[in-house]
Amino acid sequence: MNRLAPSPRLDSVAAIAGHIDALVEIDPRLAAVRDFAGDVQPRIAQRGFAGMVKVITGQQVSVASASAIWARFEQLPGALDPVTYLSLSEEQVRAAGFSGSKFRTVRAIAEAMVAGELDFDHLETLPAEDAVRYLVAHKGIGPWTAEVYLMFCAGHPDVFPAGDLALLKAVQHGLGLDARPTIKDMIGIAAGWTPHRSAAALLFWRYFAVMRDREGILL
């Protein structure tokens, strides 16, 4: 279990660049990835209930769809507080674009918070692996959701969402691998980037975006 002291929050281009420079020292293959990707921008989101709900909103939908759904959802009275969320009906929440399963997941999270069973302040004191286990113990929160929350909402410096398809494609291309790594393979590769795995994920997401936007390049 990784219990290395956490690095500073990845909340600026300079902070991320420092992590990436450290990554290149650990794994020189990342020098070309860094040079191609260019500056990597921070992606910091709201903590706590609202942040988790926003992550859930983005599950299995496009960025554009997630943004539209979130814009409607956050306008619902009391939607961003776990206590008042529980007063909203399923019809109200689903009218904003939530599926029935997402409505139930968010409701379960709100109930756990109200009952004192889910404490986001406590979560931020845990090492990454323990924090993921703490979150996935709650119904509806899977590893990807937990890892994305830890990266973007909690600002954890050492998380890598190994199940993210864009990351798997980007790592294959960026490292010149013969085949797309499996999730298990990706966990093993990313372990070598500790304690800067969050910066590695941000780097490869940026790499993927640049590759995707280049004419004639398909990943």
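Keep in mind that what you see is a predicted model, and the values were worked out from it rather than measured. (Residues numbered from 1 in each chain as written. Predicted model: local features only at pLDDT ≥ 70, side-chain atom pairs only at ≥ 80, totals over all residues. Heavy atoms only, no water.)

A. Quick peek at empty space enclosed by the protein. What the rule picks out here adds up to one cavity of 30 Å³ or more. Considered as a void within the structure, the largest cavity measures approximately 60 Å³ in volume. If you go around the largest cavity, the residues you meet are L10, R43, I44, M151, F152, G155, H156, S198 and L202. At the level of elements, helix 10 (143–152) and helix 13 (197–213) are the ones that each hand at least two residues to the lining of the largest cavity. (1 Å grid on protein atoms, 1.4 Å probe; cavity = no way out; pocket = protein on both sides within 12 Å on 5 of 7 lines; lining within 4 Å. Points joined across faces, edges and corners; volume = space filled by probe spheres on them. Helix = DSSP H or I, 4+ residues; strand = E, 2+ residues; numbered from the N terminus.)

B. Region of the structure containing the side chain of D158. With respect to the secondary-structure elements, D158 resides in the loop between helix 10 and helix 11 (165–175). D158 gets classed as buried once you look at its relative accessible area, which sits at 3%. There is a polar contact of 2.9 Å between the side chain of D158 and the side chain of R197. (Buried < 20%, exposed > 50% of the residue type's maximum accessible area, 1.4 Å probe, protein only. Polar contact = N/O pair within 3.5 Å; in protein donor to acceptor, adjacent residues only side chain to side chain.)

C. Seen up close, the packing of aromatic side chains. Counted according to the given criterion, the structure contains 11 aromatic pairs. Put simply, the rings of F49, W70, F73, Y85, F98 and F103 touch in pairs and so form one group of aromatic residues. A cation sits over an aromatic face here: R43 above W205, 5.1 Å from the ring centre. (Phe/Tyr/Trp six-rings, centres within 6.5 Å; stacked < 30°, edge-to-face > 60°. Lys NZ or Arg CZ within 6 Å of the ring centre and 35° of its normal.)

D. Representation of the pattern of salt bridges within the structure. Enumeration over the complete set of coordinates arrives at 10 salt bridges. Close ionic contact of R29 with D27 constitutes a salt bridge, the shortest N to O distance being 2.8 Å. The salt bridge partner of E124 is R47, with a shortest N-O separation of 2.8 Å. Of the two residues, E124 is situated in the loop between helix 8 (120–123) and helix 9 (128–136) and R47 in the loop between helix 2 (30–37) and helix 3 (48–57); the sequence distance between them amounts to 77 residues. By relative accessible area, which is 33% here, E124 ends up partly exposed. (Salt bridge = Lys/Arg side-chain N within 4 Å of Asp/Glu carboxyl O.)

E. Spotlight on the nonpolar core. Residues F73, Y85, L135, Y149, F160, W193 and F204 are the most contacted members of the largest nonpolar core, which totals 69 residues. If one sorts the elements of this core by residue count, helix 13 sits on top with 10 residues. If sequence neighbours within four positions are ignored, Y85 has contacts with F49, F73, G78, A79, V93, F103, V106, R107 and A110. (Core = buried A, V, L, I, M, F, W, Y, C linked by side-chain atoms within 4.5 Å. Contact = heavy atoms within 4.5 Å.)

F. Local environment of the environment of R133. By the element assignment, R133 lies in helix 9. For the pair R133 and A146, spaced 13 residues apart in sequence, the C-alpha separation works out to 8.5 Å.

G. Quick look at the packing of helix 3 against helix 4 (residues 63–73). Orientation of helix 3 relative to helix 4, taken along the N-to-C sense of each, is 140°, at an axis distance of 9 Å. With respect to helix 4, the axis of helix 3 lies oblique. In this structure, helix 3 crosses over helix 4, and the sense of that crossing is right-handed. Where helix 3 approaches helix 4, its residues A50, V53, K54 and T57 are matched on the opposing element by A66, I69, W70 and F73. (Axes fitted to C-alpha atoms, helices over the stretch in contact; angles between N-to-C directions. Parallel < 35°, antiparallel > 145°, perpendicular 65-115°, else oblique. Left-handed = near helix turned anticlockwise from the far one by under 90°.)

H. View of helix 11. Of all 11 residues making up helix 11, eight are buried, and the element is well covered by its neighbours. Those residues of helix 11 lying buried are A166, L167, L168, K169, A170, V171, G174 and L175. Where helix 11 is buried, its residues touch helix 2, helix 12 (183–191) and helix 13. N-capping of helix 11 is provided by D164, with a side-chain oxygen placed 3.1 Å from the backbone N of A166. Phi for G176, located one or two positions after helix 11, is positive at around 65°.

By themselves, these observations are geometric and do not establish any function.
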